[in-house]
Structure formats: C-alpha cells, structure tokens
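# Secondary and tertiary structure notes
Below, each chain spelled out in residue letters.
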Amino acid sequence: MIASRLSGFGISIFTEMSALAVQTGAINLGQGFPDEDGPAAVLEAAQAAIRNGHNQYAPLPGVPALREAISEHQRRFYGLEPEDVQVTMGATEAITAAILGLCEPDDEVLAFDPTYDSYGAAAKMTGARLVPVPLHPPAWTFDPDELRAAITPKTRAILVNSPHNPTGRVLTREELQTIADVTQEHDLIAITDEVYEHLVFDGLEHIPLATLPGMAERTLTISSLGKTFSVTGWKVGWATGPGALVAGVRAAKQFMTFAGATPFQHAGAAALRLADAWYAEFALELQAKRDRLSAGLTAAGLAVSKPQGTYFVNADVGTDAIAFARELPHRAGVVAIPTAVFSTRAQELAPYLRFAFCKRPAVIDRAARQLAAEDLES
C-alpha cells in the first residue's frame, strides 16, 4: 500500500504514454531524452575512469575533480564563486534533497505552474505544500501581482526553473529581478533548476538568478550533466551556493543515495571543460531541431508556441489534449505528453500538447510526415 502522502500521484503519464509507444510502435516524442549519445571525448572519459579503477564509492560531497570543474564552470560562464558544491544523483535528487533539507513540514514552496512533475512529490515527502504561480499561455509569462499574492507567512522558498520545462520559456532579466525583489523582501530561499542552462536559442541568454544583486547568498543553484551532454542516464547533478544551503542538501542526500556514479563523475569533469565552441554548436543543432519539428507541427495544422530553450515545443491542438494524446499514437504513430498533466490549471492548459525535439533529424522528419498525413484539425 502506497503511503497517503504519495498515493495521489499514481502512475505517471510518462509511464502510460511510453507503454503506448511500445504497444503501437509509435515514435516517442513524449519523454525528454536524446536518441544519440553525447560527445565522444566525454564517453571515452567515462570508459577511462572505469578502466583506471574509479569504481568504488565517491565521497559524500562528490568526486573532487568534478566539484572543482563545477566551480570552474560557474565562474567561467556566469562569474559566480560558489561557496560549496554538492554532487547528486541527477538534478531531481538535488531538488528533492533541497526541499527535504531546507523546508519544514507545513512550509510553502512557490513554483511556476506548469511545473516539472517531481516538485510536488518532493514537497509532499517533506510535508510542505507546493504553491503554484501561473505561467500564462501562449507566451508563458507570469503576473508579478499573482506572484506576490501567493506569498504567505508560511512561504519558505521559491523554486525557479529557467529555461523552463515544459513550456520552453527563458525568463528575462526583468522577470528574474521581480523574483529577486520578492525573494529578498520576504526573506525567502531561492532554489533554481537550471538543467537546460546551455540549451537556449535565438541569441537569448540564460541568466542565473544567483548573479542578480543580493541573490548569491540566498540562492541554491541546481543543474546536471544529462541535458547539456546528452547523457541523461548518467544521473549526475549538483547543487551549488552558500555553505548553509548546500549543507541542507547534503544532510538529506547522505540518507538517500549517499554517493553514486563514480566513473561518470570523473567523466563529468571532462565534459564541463569542453570548449565554448562546443556548447554553442550544440545549442545551434538543437535550435535547428526545434525549428524542424515546429515546422512539421505547423504543417499538420497545430498552433505552435515557439520555445526559447529546453528540449520541448508546445502546440495548441484545439481540443482536450489528454484525449488527443491517447489517440495520436493510433492515428499518426506519434507519442506526446499533455501539458496539463504538469499543471493545477487543467482547463486553461487543456489544449496544449508537449513534443520533444531532442531526436535525430530523420526521426523528427518521419514524425512530421506522419502527423501531416492525418487531418489533426478534425
């Protein structure tokens, strides 16, 4: 029997739709994982770590070489000097450990809605409550007044995901300043989920919240290797920031996984030290894939919300997207995820469907042809 605090989550839509993809032989554009491996040099670094005996427990804070590389990365790209670094089993563990380690039962954690699905579960496990702040389609912007109205005396933290999954929004400096102002005015902790930090398109810039004045000392920054380097199965993430906040993550993590993926941590140090040109080229390749799938969805008669970053594009299908998604594998041989499953606003987001474009061009083209062959507007 599942504990009551988690029983409401049930089987995720990802499990259901992935099973439907297998059952029907459909192209799976639901889950956000690439269908190509990461850079050859990074893969070789992992193999070399295994060959060279890096196969036992890592220290609780993480392999020193990776912790040093993470600090270098923060300094190199953003001018940040984190006081402490904690390596985790992916960003999801870092987020869960942050809420477990920094929040008390009955605390409230603000997050922009729609939210990545682990946020609510992490809050529930803590006994805290996730409080949604709407991102309104199709531009996926938030109202500063709604953000301020969500704050109560119980508010402990704000969880900020930019670039944002599932909408693809990249928050502007002005929006981040609003968040920073609210955070400082109400003495909140900021927890940032920045796993798509290098996957930003059209010349836009990812701005870490911690770089804004007064925010470094109250922001826990979370990211990972998986999305940037196409190694989602490695599950290597991290949390950086003030020692007091990182200590909360470490206190929870030591009783979760303690340590893991030692050879992948060593490889992660090599990955983070790839040249700037590699990062830029990968983002451009992904941008081209975004444009490729967006054009295919538009040709199929769907209204596309152009994402500014991440792996995902949302399309307005003009009807209940949950029912539409369950029919789509049978009709067009393509699987996607209804955006409303990430939200408390099922009615407002009912027509939106999220497609992943982190796939090989040939796969995207085949999906586009299959979608265009159907009368999806009927």
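The protein chain goes by Aminotransferase class I/II-fold pyridoxal phosphate-dependent enzyme in an unreviewed UniProt entry, where it is assigned to Solirubrobacter ginsenosidimutans. The UniProt entry for the protein chain carries the following comment under Sequence similarities (unreviewed entry): "Belongs to the class-I pyridoxal-phosphate-dependent aminotransferase family." On record in UniProt, under Cofactor (unreviewed entry), the comment for the protein chain is "pyridoxal 5'-phosphate".

## So, the overall build of the protein chain
Per the secondary structure count, the protein chain includes 14 helices and 13 strands. What you see for the protein chain is a C-alpha radius of gyration of 20 Å, in line with the 21 Å of a compact globule of 378 residues. Viewed in the frame of its principal axes, the protein chain has a C-alpha envelope of about 55 × 55 × 50 Å. The burial tally for the protein chain puts 57% of its 378 residues in the buried class. When the accessible surface of the protein chain is summed, it comes to about 15300 Å², and 53% of that surface belongs to carbon and sulfur atoms. Taken together, the 30 basic and 43 acidic charged side chains of the protein chain have centroids lying 5 Å from each other.

## So, the side chain of Asp84
Among the secondary structure elements, Asp84 is positioned in strand S2 (residues 84-88). Among the polar contacts made by the side chain of Asp84, one reaches the side chain of Arg250 at a distance of 3.0 Å. Excluding residues that lie within four positions of it along the chain, Asp84 makes contacts with Arg67, Ala239, Thr240, Gly241, Gly243, Val246 and Arg250.

## Quick look at the environment of Ala121
Mapped onto the fold, Ala121 is located in helix H6 (residues 118-126). C-alpha separation for the pair Ala121 and Phe9, spaced 112 residues apart in sequence, amounts to 7.7 Å. For Ala121, the residues in contact, after removing those within four places along its chain, are Leu6 and Phe9.

Reading guide: rules and limits
- Residues numbered from 1 in each chain as written.
- Predicted model: local features only at pLDDT ≥ 70, side-chain atom pairs only at ≥ 80, totals over all residues.
- Heavy atoms only, no water.
- UniProt positions renumbered as here; feature names shortened; annotations may be inferred.
- Helix = DSSP H or I, 4+ residues; strand = E, 2+ residues; numbered from the N terminus.
- Rg over C-alpha atoms; globule rule 2.2 N^0.38 Å.
- Buried < 20%, exposed > 50% of the residue type's maximum accessible area, 1.4 Å probe, protein only.
- Areas by Shrake-Rupley, 256 points an atom, 1.4 Å probe, with all protein chains shown as cover.
- Lys, Arg positive; Asp, Glu negative; His and termini not counted.
- Charge placed at Lys NZ, Arg CZ, Asp CG, Glu CD.
- Polar contact = N/O pair within 3.5 Å; in protein donor to acceptor, adjacent residues only side chain to side chain.
- Contact = heavy atoms within 4.5 Å.

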